[in-house]
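A structural walkthrough
Listed below are the residues making up each chain.
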Amino acid sequence: MELSCKFTPWQQEVYNDSSRFKVVAAGRRCGKSYLAAWTLLINALQATSGWTIYVGPTQNQSRQILWRTLLEIAHPVIKKSHINNLDIELVNGQTIGLRGADRPDTLRGLSINYLVMDEYADMKPEVFEEILRPALSDLEAPALLIGTPKGRNHYYDLFKYAELGNDPEWKAWHFTSYDNPFLKKEEINAA
């Protein structure tokens, strides 16, 4: 069984960093979802308990953004997958679940070993603050919060908090579409 991950330099930098909470604000088509898929898979393969969870703004968005990518990269280590509830069970018995923040009460009660929140700016802040952050506590689990900048909101506030560097558990990165080596600068300018 062989898994082959090819990160861009910025993805490698984020992946290698030891901060517990990582906040990445990056432009469209920059590779946030690819980074999310691989970090979910790697963490689930290393976990011994808890859930490995990806949360998008809605369940349907989670399916559209990440389901196919996860199935493709995790194929060699998937024991079974369930499209209806968006769960992937790996050969080590751990499960990666894709969920939506549009029904936050369905996220309660989970013990999470790794969390990715995608487009956090499109979610209510209490989804992380009141539901998911506490679910990381028992395993002292890490989280990756990724998104496209959308003005000054709770995601911006969290990014600025992490960027200040006053809390060693938090770190922030900002990348633009120009940081994506697969996009032509002329195409970005035209768009």
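Now for a description of the structure that goes with this document.

Details of helix 4 (residues 125-135)
- Of all the residues in helix 4, the buried ones are Val127, Phe128, Ile131, Leu132 and Ala135. Seen from one end, helix 4 has its buried residues packed into an arc of 130°, which puts them on one side.
- On the buried face of helix 4, the contacting elements are strand 2 (51-56), strand 6 (112-118), strand 7 (143-147) and strand 8 (170-175).

A look at the side chain of threonine 148
- Mapped onto the elements of the fold, threonine 148 is located in the loop between strand 7 and helix 5 (154-164).
- The class for threonine 148 is buried, based on a relative accessible area of 8%.
- Ignoring sequence-local partners within four residues, the contact set of threonine 148 consists of Ala26, Arg28, Lys32 and Glu119.

Focus on the sheet that holds strand 3 (residues 78-82)
- Ordered by their spatial adjacency, eight strands build an open sheet running 3-4-5-2-6-7-1-8, and the pairing between neighbours is mixed. Each edge of the open sheet carries a strand with a single partner, namely strand 3 and strand 8. On average, each strand axis in the sheet is inclined to that of its neighbour by 15°, with strand direction left out of account.
- Bridge count for strand 6 against strand 7 is four bridges, and the pairing is parallel. By the bridge assignment for strand 7, valine 116 is matched with leucine 144.
- Contacting strand 1 (21-26), strand 2, strand 6, strand 7 and strand 8, helix 4 runs over the sheet at an angle of about 150° to strand 6.
- Here helix 5 sits on the sheet and contacts strand 1, strand 7 and strand 8; the angle it forms with strand 8, its principal contact strand, is near 115°.

Reading the values: rules and limits
- Throughout, a residue's number is its position along its own chain's written sequence, starting from 1.
- Predicted model: local features are reported for residues with pLDDT of at least 70 only, side-chain atom pairs are reported and counted for 80 or more only, and whole-chain, interface and lining totals are derived from all residues.
- By convention in this description, side-chain values take in all heavy atoms of the structure and omit both hydrogens and water.
- Whether a residue is buried, partly exposed or exposed follows from its accessible area with a 1.4 Å probe, protein chains only, as a fraction of its type maximum: under 20%, in between, or over 50%, in that order.
- Each helix is a run of H or I in the DSSP string that is no shorter than four residues. Each strand is a run of E no shorter than two, and both are numbered from the N terminus.
- Comment: arc refers to directions from the helix axis out to C-beta atoms.
- Working rule for contacts: check all heavy atoms of both residues, and any pair within 4.5 Å makes them a contact.
- We call two strands paired when DSSP finds no fewer than two bridges between them.
- Orientation is described by lines fitted to C-alpha atoms, with helices fitted over the stretch in contact, and by angles between N-to-C directions that extend from 0 to 180 degrees.

Function cannot be read off these values alone, since they describe shape.
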